[in-house]
Amino acid sequence: MAKIILTGDRPTGRLHVGHYVGSLKRRVELQNSGEYDKIYIMIADAQALTDNADNPDKVRDNIIEVALDYLACGLDPLKSTMFIQSQIPQLTELSFYYMNLVTVSRLQRNPTVKNEIKMRNFEASIPVGFFTYPISQAADITAFQATTVPVGEDQMPMLEQTKEIVHKFNTVYGEALTDPSILLPENEACMRLPGIDGKSKMSKSLGNCIYLSEEPEEIKKKVMSMYTDPDHIKITDPGKLEGNTVFTYLDAFCKQEHFERYLPDYANLDELKAHYTKGGLGDVKVKKFLNNVLQEELEPIRNRRREYEKDIAYVYNMLKKGSEEAEKVAQKTLDDVKAAMRINYFDDEELIARHIAKYQNS
Ligand code: TRP
């Protein structure tokens, strides 16, 4: 069976380092591994509209930002098909048929949807489109017959919903859809990178992000202001690692060679942590180290972004070509789905012949 990746992001802002360690970095590695037959990366503008219906310009203006971030991270249009969700009408059509296979109570139990309803104060009036976006996400994944969906942990309920739809569809109508697997980040810190304020999620609305396109000075300022251990007051005090954002970031970003380059007094992160918990290591020293690590990681991304920023027309054209290709693939699945559901009347000669026969002698 072909190995196919589908994943994507809502275009509601520039992408940040949480996106990077949680998913983008992995995608680029998967892309370059050569192990996958096809890779589809989708800018989920239609999904973004499900909770930004009154702000289409925000979505519209962020498509290019997300595409630039993709290219900056090393996604390569020769190896990965990048496209815009709303330009693939087949996804909407699939969603409509999948809706028959999902109950309202099942959607109400989706933990991600529940959480988002709370965060957006939708309790009193949930838009139907928003409520059903897990179904539309199942359409995104199945339209490309994806076998592998690399996403963050928060997307687990979406994958479960998708798998249920696939099983139900294949049972009721016959095998037409591929059962996908989620691919989560391996590293705990990458799974849920906190904001610089130590809050559980990095998010634009909380103002606690480090963006991929951030300037060096800004990165440094943010790192130096990061939340650490509030009880670690004097350098000699023992420090705590749990909930200490600086160490969480080091867990996510730091590699052996960074010590040789920037902090040769320590052999590795375990030694640094041991010193910190024992006492005698100040936050500033650790933050300066983290700043060096982040600067090294983000510099090539920022530079590549600047190159692509010089040719925005190229980026739009790349998305247009990607969308055209994606549409063809989605159409093939839609044809299979309609055949399985027996709503392909004009292709069904047997049906027409039977109905001709039925009325022949009357
Ligand atoms: N829900 C994803 C997010 O919020 C975006 C998305 C839409 C997606 N469709 C998808 C991710 C299909 C993976 C597969 O970022």
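Conventions and cut-offs
Residues numbered from 1 in each chain as written. Predicted model: local features only at pLDDT ≥ 70, side-chain atom pairs only at ≥ 80, totals over all residues. Heavy atoms only, no water. 1 Å grid on protein atoms, 1.4 Å probe; cavity = no way out; pocket = protein on both sides within 12 Å on 5 of 7 lines; lining within 4 Å. Points joined across faces, edges and corners; volume = space filled by probe spheres on them. Helix = DSSP H or I, 4+ residues; strand = E, 2+ residues; numbered from the N terminus. Nonpolar A, V, L, I, M, F, W, Y, C, P; charged D, E, K, R; others polar. Buried < 20%, exposed > 50% of the residue type's maximum accessible area, 1.4 Å probe, protein only. Right-handed = clockwise from strand over helix to strand, strands pointing away. Pairing = 2+ DSSP bridges. Axes fitted to C-alpha atoms, helices over the stretch in contact; angles between N-to-C directions. Parallel < 35°, antiparallel > 145°, perpendicular 65-115°, else oblique. Left-handed = near helix turned anticlockwise from the far one by under 90°. Contact = heavy atoms within 4.5 Å. Near = heavy atom within 4 Å. Polar contact = N/O pair within 3.5 Å; in protein donor to acceptor, adjacent residues only side chain to side chain. Areas by Shrake-Rupley, 256 points an atom, 1.4 Å probe, with all protein chains shown as cover. Phe/Tyr/Trp six-rings, centres within 6.5 Å; stacked < 30°, edge-to-face > 60°. Lys NZ or Arg CZ within 6 Å of the ring centre and 35° of its normal. Salt bridge = Lys/Arg side-chain N within 4 Å of Asp/Glu carboxyl O.

### Some details on empty space enclosed by the protein
Here's step 1: One pass over the full model with this rule turns up 1 cavity of 30 Å³ or more.
Here's step 2: Every residue along the wall of the largest cavity is listed here: G22, S23, R26, P150, V151, L183, L184 and P185.
Here's step 3: The element contributing the most residues to the lining of the largest cavity is helix α1 (residues 17–33), with 3 residues.
Here's step 4: Per-class residue counts for the lining of the largest cavity are 5 nonpolar, 2 polar and 1 charged.

### Brief notes about the pairing of strand β1 (residues 4–9)
Here's step 1: Among the 6 residues in β1, 5 count as buried, and that is most of the element.
Here's step 2: In the classification by handedness, the crossover that spans β1, the intervening α1 and the parallel strand β2 (residues 38–43) is right-handed.

### What about the pairing of β2?
Across a regular strand the side chains alternate sides, sitting on one face of the sheet and then on the other.
Here's step 1: Judged by how many residues are buried, β2 sits mostly within the fold: 5 of 6 residues are covered.
Here's step 2: Here β1 runs beside β2; their pairing, made up of 6 bridges, is parallel. Its bridge partner being in β2, T7 is matched across the sheet by I41.
Here's step 3: As paired elements, β2 and strand β3 (residues 81–84) share 4 bridges and run parallel to each other.

### Remarks on the packing of α1 against helix α12 (residues 245–253)
Here's step 1: Where α1 meets α12, the axes come as close as 11 Å, and the angle between the chain directions of the two elements is 40°. In terms of orientation, α1 lies oblique with respect to α12. You can see that α1 and α12 cross each other, and the crossing is left-handed. Across the interface between the two elements, V17, Y20 and V21 from α1 touch Y249, A252 and F253 from α12.

### Remarks on the layout of surface pockets
Here's step 1: Reported here for the second largest pocket is a volume of approximately 300 Å³.
Here's step 2: In terms of lining, the second largest pocket is formed by 17 residues, of which the most central are A46, T50, T92, S95 and S136.
Here's step 3: Listing elements by their share of the lining of the second largest pocket, those giving two or more residues are α2 (45–49), α4 (89–98) and α8 (133–143).
Here's step 4: Taken together, the residues of the lining of the second largest pocket break down into 7 nonpolar, 9 polar and 1 charged.

### Comments concerning the site of the ligand
Here's step 1: Surveying the vicinity of the ligand reveals 14 residues, the closest of which are R10, Q47, Q137, D140 and Q155.
Here's step 2: In this structure, a nitrogen atom belonging to the ligand sits 2.8 Å away from a side-chain N or O atom of D140.
Here's step 3: Against a free-state accessible area of 370 Å², the protein chains account for coverage of 90% of the ligand.
Here's step 4: At the level of elements, β1 and α8 are the ones that each hand at least two residues to the shell around the ligand.

### Quick look at the packing of aromatic side chains
Here's step 1: Counted according to the given criterion, the structure contains 11 aromatic pairs.
Here's step 2: Relative to F144, the ring of F83 lies with its centre 5.2 Å away and its plane at 45°, an arrangement referred to as tilted. Here the residue F83 occupies a position in strand β3, and F144 occupies one in the loop between α8 and β4 (148–150), the gap between them amounting to 61 residues.
Here's step 3: What makes F144 buried here is its relative accessible area of 1%.
Here's step 4: Through a chain of ring-to-ring contacts, the aromatic side chains of Y40, F83 and F144 assemble into a single cluster.
Here's step 5: A cation over a ring is seen here: K3 above Y36, with NZ or CZ 4.8 Å from the ring centre.
Here's step 6: For the cation-ring pair, R10 lies above Y133, with the distance from its terminal atom to the ring centre recorded as 4.7 Å.

### Regarding the pattern of salt bridges
Here's step 1: All told, the structure shown has 30 salt bridges when counted by the stated rule.
Here's step 2: A salt bridge links K3 to E35; its shortest N-O distance comes to 3.5 Å. In this pair, K3 is assigned in the segment before β1 and E35 in the loop between α1 and β2, connecting sequence segments 32 residues apart.
Here's step 3: We note a salt bridge from D179 to K163, for which the minimum N-O separation is 3.1 Å. Linking D179 in the loop between α9 (156–173) and β5 (181–183) with K163 in helix α9, this pair joins segments that are 16 residues apart in sequence.
Here's step 4: Beyond isolated ion pairs, a larger network of salt bridges with shared partners links R14, E65, D69, R305 and E309.

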